[in-house]
Amino acid sequence: MSLLRMIGVGALLHTRQLSRSPFEIATALIVPVVQATLAVYLCRAGGEPGRLLEAAVGAGLMGVWSSVLFGSGGAIQNQRWQGTLEMLMLAPRPPALVIFPITLSTAVTGTYAMLATLLWGRLLYGVPLTFAHPLLFLVAAPGCVLGLGMFGLLLASTFVLMRNANALANTLEYPIWLVSGMLVPLTVLPGWTGPIAAALPTWGARAVHEAASGGPVWPSLGICLAISLGCLAAGALMMTYVERRARAAATLALA
């Protein structure tokens, strides 16, 4: 219970910090409108107006991933700039458990992007919010957010070691968008992208799509959670490794 309380309090604290960031607020207000607009016009231009809801959901998932990617890297950098990263690493807990609430809070904050994208799509473009499995959608969406948060923990282990985490984040945003099937169907991508997509915890995105359009939700959600647990274990190992390496090289506080 103390472990769950630590994760919950840490996630709440960092969520409050993100909600007071002018950059995060501006991004949360602007990005959903842009993504909803792109999704609607892509479907209309492609002659598939019946897939507007699926496109809107995909655009929202893109917002969640962007929040996790840049939020995790930015949070680590902010801790370094504020001089609190050393205290986090010195906490009497494994480094992964201390960093995990940060990555989880970015995923929770990114959930607003999905809700706002669906809302703007409905209000501005009349996208019908008729989910095939509405109750399963409410289960798949948090599962996807949790999976992306654990994947963010794996990425955060490299962010601790790098001086400029945004350099890595910028190179990962669009490739993950594509190979995860958030907006573009995997069937239109080259065959060599299949194994990459299968190894990512973005199976949660497929579960969300299937809950919206109709399909087997539980298999995709189960695979997402299994891969997420693998990311959690790998992230814990890598976090311990890079923390020890940063201490040995005296590079933890370098900005």
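Please refer to the structure placed before this passage.
Notes on the structure in this doc start here. (Residues numbered from 1 in each chain as written. Predicted model: local features only at pLDDT ≥ 70, side-chain atom pairs only at ≥ 80, totals over all residues. Heavy atoms only, no water.)

### A few points about the packing of aromatic side chains
The tally for this structure, following the rule as stated, stands at one aromatic pair. In this arrangement the basic side chain of R206 is found over the ring face of W203, its NZ or CZ atom lying 3.8 Å from the centre. (Phe/Tyr/Trp six-rings, centres within 6.5 Å; stacked < 30°, edge-to-face > 60°. Lys NZ or Arg CZ within 6 Å of the ring centre and 35° of its normal.)

### Let's talk about a nonpolar patch on the surface
A grouping of I25, L29, I30, V34, L38, L42 and Y112 is seen on the molecular surface, where their side chains present a nonpolar patch of about 670 Å² in accessible area. It is helix 2 (residues 22-45) that contributes the most residues to the nonpolar patch, six residues altogether. Following the sequence through the fold, L29 ends up in helix 2. (Patch = residues over 30% accessible without salt bridge, like charges linked within 9 Å, V, L, I, M, F, W, Y side chains within 5 Å. Areas by Shrake-Rupley, 256 points an atom, 1.4 Å probe, with all protein chains shown as cover. Salt bridge = Lys/Arg side-chain N within 4 Å of Asp/Glu carboxyl O. Helix = DSSP H or I, 4+ residues; strand = E, 2+ residues; numbered from the N terminus.)

### Regarding the packing of helix 1 (residues 2-19) against helix 5 (residues 95-125)
The interhelical angle for the contact between helix 1 and helix 5, taken along N-to-C directions, is 50°, at an axis separation of 8 Å. What the angle tells us is that helix 1 and helix 5 run oblique. The way helix 1 lies across helix 5 gives a crossing that is right-handed. The residues of helix 5 that touch helix 1, namely those facing L3, M6, I7, G10, A11, H14, T15 and L18, are L97, F100, P101, I102, L104, S105, T106 and T109. (Axes fitted to C-alpha atoms, helices over the stretch in contact; angles between N-to-C directions. Parallel < 35°, antiparallel > 145°, perpendicular 65-115°, else oblique. Left-handed = near helix turned anticlockwise from the far one by under 90°. Contact = heavy atoms within 4.5 Å.)

### Re the packing of helix 5 against helix 10 (residues 217-249)
Axis separation between helix 5 and helix 10 bottoms out at 8 Å; the angle between their running directions is 110°. Between helix 5 and helix 10, the angle falls in the class roughly perpendicular. Between helix 5 and helix 10 lies a crossing whose hand is right-handed. Residues P95, A96 and I99 of helix 5 lie in contact with helix 10, whose contacting residues are A236, M239, T240 and E243. Across the contact of helix 5 with helix 10, the residue classes tally to five nonpolar, one polar and one charged. (Nonpolar A, V, L, I, M, F, W, Y, C, P; charged D, E, K, R; others polar.)

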